[in-house]
Amino acid sequence: KGALRFSRKEIKRVKSARRRLVFHMAEFAYETEDFKKSESIYRRLLAEEFGKLSKDAASLATYELGSSLYQQFNFKDAVEQYEKFSGEFSGTIKAPAGLLAYGNIIKNIKSIPYSERRKRASTAYQTITKKYPKSSEADGAALFYIINEYWDRPDEGKKHLKTFIKKYRKSDWVDAAREILN
């Protein structure tokens, strides 16, 4: 809390001062945990009530709409937003974060068979590590992939976690991997 949800680089991509203000209003609603309000504002942005959005601005609004829905435990609609995001905005600045969120949320949709949820999450994690290996989300995606794939095979999982710790020794995710091992 307290920090801006958008980086300067992201918000600069929203060309119109009016739309930037609306993005900040949505951001404020999110940060003050008024997720219904932030959802409403992002939906209005995407409906282009405040003017046409650039691809980058639309990707940011779609990603943040998914986050607002997730915070309301509306996993089904959040996944729909992240699926849309992954399809339409794969080359944008938020693409790795959208895929990571999708992979983490899809596992909560009980109406989808368990094996399908695991498969879809693993695919999202692998896409991040292959397509966006230098992104800040890549290390986390690699760890989540191991957890997701080897959850029911702990001995194999431990071997992969040890490899992860060696390969990503400077990663912020190493402590989490060590904690899982212990």
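Residues numbered from 1 in each chain as written. Predicted model: local features only at pLDDT ≥ 70, side-chain atom pairs only at ≥ 80, totals over all residues. Heavy atoms only, no water.

A. Geometry of the overall build of the protein. Tallying secondary structure elements over the protein gives 10 helices and 0 strands in all. Sequence-ordered secondary structure for the protein, helices as α and strands as β, is α-α-α-α-α-α-α-α-α-α. Taken over C-alpha atoms, the radius of gyration comes to 17 Å for the protein, in line with the 16 Å a tight globule of 182 residues would show. Viewed in the frame of its principal axes, the protein has a C-alpha envelope of about 55 × 35 × 30 Å. For the protein, the residues scored as buried account for 46% of the 182 residues in total. In the protein, the proportion of contacts linking residues at least 24 apart, taken out of those at least 6 apart, comes to 50%. Accessible surface for the protein amounts to roughly 10500 Å². Of this, 52% is attributable to carbon and sulfur atoms. (Helix = DSSP H or I, 4+ residues; strand = E, 2+ residues; numbered from the N terminus. Rg over C-alpha atoms; globule rule 2.2 N^0.38 Å. Buried < 20%, exposed > 50% of the residue type's maximum accessible area, 1.4 Å probe, protein only. Contact = heavy atoms within 4.5 Å. Areas by Shrake-Rupley, 256 points an atom, 1.4 Å probe, with all protein chains shown as cover.)

B. The arrangement of the pattern of salt bridges in detail. Evaluated as defined, the whole model comprises 9 salt bridges. Between Arg 118 and Asp 152 there is a salt bridge, with its nearest N and O atoms 3.4 Å apart. Highlighted residues: Arg 118 in helix 7 (residues 114–131) and Asp 152 in the loop between helix 8 (138–150) and helix 9 (154–167), separated in sequence by 34 residues. The salt bridge partner of Arg 178 is Asp 175, with a shortest N-O separation of 3.6 Å. Residue Arg 178 and its partner Asp 175 are both found in helix 10 (residues 174–181); the two are separated by 3 residues, about one turn of the helix. Take Arg 178: its relative accessible area is 40%, and that puts it in the partly exposed class. With a relative accessible area of 55%, Asp 175 lands in the exposed category. Overlapping salt bridges, with partners in common, bring together Lys 36, Glu 39 and Arg 43 in one network. (Salt bridge = Lys/Arg side-chain N within 4 Å of Asp/Glu carboxyl O.)

C. Up close: the packing of aromatic side chains. Evaluated as defined, the whole model comprises 10 aromatic pairs. Note on Tyr 63 and Tyr 82: the rings are 5.7 Å apart at their centroids and 65° apart in plane angle, and the pair reads as edge-to-face. Here Tyr 63 is found in helix 4 (residues 55–71), whereas its partner Tyr 82 is found in helix 5 (residues 75–88), with 19 residues between them in sequence. Pairing Phe 73 with Phe 75 gives two aromatic rings, centres 6.1 Å apart and planes at 85°, and the pair type is edge-to-face. For Phe 73, a relative accessible area of 66% translates into the label exposed. Members of the aromatic cluster, connected to one another through ring pairs, are Tyr 63, Tyr 82, Phe 85 and Phe 89. (Phe/Tyr/Trp six-rings, centres within 6.5 Å; stacked < 30°, edge-to-face > 60°.)

D. Fine view of the confidence of the model for the protein. In this model, the protein carries an average pLDDT of 87, and 91% of its residues clear a pLDDT of 70 or more. Averaged pLDDT values over the elements of the protein bottom out at 56 in helix 1 (residues 8–12) and peak at 95 in helix 3 (residues 35–46). (pLDDT = per-residue confidence, 0-100.)

E. Layout of the layout of surface pockets. What the largest pocket holds in volume is close to 310 Å³. If you list the elements that add at least two residues to the lining of the largest pocket, you get helix 4 and helix 6 (95–106). It is helix 6 that contributes the most residues to the lining of the largest pocket, 6 residues altogether. Residue classes in the lining of the largest pocket are distributed as 10 nonpolar, 4 polar and 3 charged. By volume, the second largest pocket is sized at about 210 Å³. Lining the second largest pocket are 13 residues, and of these Ala 142, Tyr 145, Ile 146, Lys 167 and Tyr 168 lie nearest its centre. Looking at the lining of the second largest pocket, the elements with two or more residues in it are helix 7, helix 8 and helix 9. Of the residues assigned to the lining of the second largest pocket, the class counts are 8 nonpolar, 4 polar and 1 charged. (1 Å grid on protein atoms, 1.4 Å probe; cavity = no way out; pocket = protein on both sides within 12 Å on 5 of 7 lines; lining within 4 Å. Points joined across faces, edges and corners; volume = space filled by probe spheres on them. Nonpolar A, V, L, I, M, F, W, Y, C, P; charged D, E, K, R; others polar.)

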